[in-house]
Amino acid sequence: MNDGIKHIIKTAPILTPYDTVRRAAGLISASDGSRVFVRDRGQIIGAVSDWAIVAFLASADDVETASKSPIGPLVEPGVLLVNLDITARQAAEIFASTEADVLPVIDNLGGYRGVIYRSDLMGYLTQNLRPPAVAGMATPLGVYLTTGSVSGGTGSLGLFLTGVALALMMLAAELSVEGLIKLFSIITNIRADIMLRSVPLIQYPNIYDVPFYASVVLSIIIFFLLLRFSPLSGYHAAEHMTVHAIEAGETLTAENVKSMPRVHPRCGTNLLAAAGVFLIIATRISSQFGVMIALLVVVVGWRTIGAWLQYFVTTRTPSPRELAKGVEAGNDLLRQYQEQPNLQLVGFKRIWKLGFIQTAAGLFSTLWVFQSVFKIPIL
């Protein structure tokens, strides 16, 4: 591969001989390499490695004092510099001839431009660069994945249709409950619909509130059932499994992705579950004590509650077609990332890439149509 290294160069802090050992250790720990470079009077004079820091601290009488020492005595001279214009193949040859896992890059005037990591070069040469974090959404057309700057899978239409699908499920749940209430009234001759015309305002349990809360719970249950058995739950699982495979460094094939879990700790379901639990507890226990209990439950159990909802409600074992769509989206994302690994979008462009605007547009436009045009109230 004769492509240049420019698009795999990463920015990295550079130290002076007067920076502390503590700061050098922190920068190394947060990087993908084992050393950090040192510059003095505009020139890179060497590097400080994690090995040198550990050896220095091991021999120190007081580690706390030693960590505040300047790194000057730990600087290892003779750093190999690579030119901005070399090819990836040439960079591989340089790494092969040295034990370094990170090298500084300079331009033709000797200016520092950043670093290249051996792991990034390996990923680039094998067409296997991996983004640090991936988000995604399930859509009726397949899976959407994004880093916030590049994306793969279904596009804006699919995201818009996700909002439409969620709104239609909300509508179906609401109409189903209304139908059941009318059926109950016919069978029992009890006008339950009259009892439900106003929202309870009493903060303490009251027998007359039961029909209202029963209808709310029933609406949620029906919505969850519709979501569970819709294609969205299968695509949602495929999305999570594909993201797990990307983060694990696996080759994206149906066989590899199939073995991944369908619950993901960063899923938005966790946040929705936390918000829902907090609102339920805080509104039913009308006091500061109630808010404290709600906060405690959310802090301690929000991931557990979210994981439960993911497993039993918002995802299910994907079909072969749904799994294939996840794999396709993942490979599409990795191809885009391979070409622009350092692309960073900001502002509206980044928000658009995340897909929330398109999904919200589908949701609220559908709700507006049914509420304003067909005069059907929803929730």
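Above this text sits the structure in question.
Since the model is a prediction, treat every value here as computed from it, not as a measurement.

Participant: Can you walk me through the packing of aromatic side chains in this structure?
Facilitator: The description of two aromatic rings rests on the distance between their centres and on the angle between their planes. A full pass over the atoms with the stated rule returns four aromatic pairs. A centroid spacing of 6.3 Å and a plane angle of 50° characterise the contact between Phe223 and Phe224, whose relative ring orientation is tilted. Of the residues examined, Phe223 reaches a relative accessible area of 18% and is grouped as buried. When the centroid spacing of 5.2 Å and the interplanar angle of 40° are considered together, the rings of Trp308 and Phe312 count as tilted. Here Phe312 and Trp308 lie together in helix H12 (residues 288-314), a separation of four residues that amounts to about one turn. Note on Phe312: relative accessible area 45%, which makes it partly exposed. If you follow Arg262 out to its NZ or CZ, it ends over the ring of Tyr311, 4.0 Å from the centre.

Participant: Even after reading the chapter, I still don't get the pattern of salt bridges, so can you show me in this structure?
Facilitator: Pairs can form between side chains of opposite charge whenever their charged atoms are close. Tallied over the entire structure, the rule returns 10 salt bridges. The partner of Arg23 in a salt bridge is Asp19, with the nearest N and O atoms 3.3 Å apart. Classification of Arg23 by relative accessible area gives partly exposed; the value is 39%. Judged by relative accessible area, Asp19 falls into the buried class, the value being 16%. Salt-bridge contacts for Asp332 lead to Arg335; the nearest nitrogen and oxygen are separated by 3.9 Å. Residue Asp332 and its partner Arg335 are located together in helix H13 (residues 320-339), separated by three residues, close to a single helical turn. The class of Arg335 is partly exposed, set by a relative accessible area of 48%. In the salt-bridge network here, residues are joined through shared partners; they are Lys10, Asp32 and Asp120.

Participant: Can you help me understand helix H4 (residues 88-96) in this one?
Facilitator: Since the α-helix packs 3.6 residues into each turn, any two residues three or four apart lie on the same face. Taken as a whole, H4 has its buried residues at Ala88, Ala91 and Phe95. The arc that holds every buried residue of H4, seen down its axis, measures 55°, which confines them to one face. The secondary structure elements touched by the buried residues of H4 are strand E4 (102-106), strand E5 (112-117) and helix H5 (118-125).

Participant: Please clarify how the sheet that holds strand E7 (residues 142-146) should be interpreted in this entry.
Facilitator: Spatially, three strands are ordered E6-E7-E8 in an open sheet, and the strand pairing comes out antiparallel. Of all the strands in the sheet, just strand E6 (135-139) and strand E8 (151-153) have a single pairing partner and so form its edges. Recorded for the sheet is a direction-independent mean angle of 15° between the axes of neighbouring strands. As judged from the five bridges shared by E6 and E7, these two strands associate in the antiparallel manner.

Participant: How should I be thinking about the pairing of strand E1 (residues 35-40) in this particular structure?
Facilitator: A regular strand places its side chains so that they alternate between the two faces of the sheet. The pairing of E1 with strand E2 (residues 43-49) spans six bridges and is classified as antiparallel. Paired with Arg35 across the two strands is Ser49, which belongs to E2.

So, how was this worked out
- Residues numbered from 1 in each chain as written.
- Predicted model: local features only at pLDDT ≥ 70, side-chain atom pairs only at ≥ 80, totals over all residues.
- Heavy atoms only, no water.
- Phe/Tyr/Trp six-rings, centres within 6.5 Å; stacked < 30°, edge-to-face > 60°.
- Buried < 20%, exposed > 50% of the residue type's maximum accessible area, 1.4 Å probe, protein only.
- Helix = DSSP H or I, 4+ residues; strand = E, 2+ residues; numbered from the N terminus.
- Lys NZ or Arg CZ within 6 Å of the ring centre and 35° of its normal.
- Salt bridge = Lys/Arg side-chain N within 4 Å of Asp/Glu carboxyl O.
- Arc of directions from axis to C-beta.
- Contact = heavy atoms within 4.5 Å.
- Pairing = 2+ DSSP bridges.
- Axes fitted to C-alpha atoms, helices over the stretch in contact; angles between N-to-C directions.

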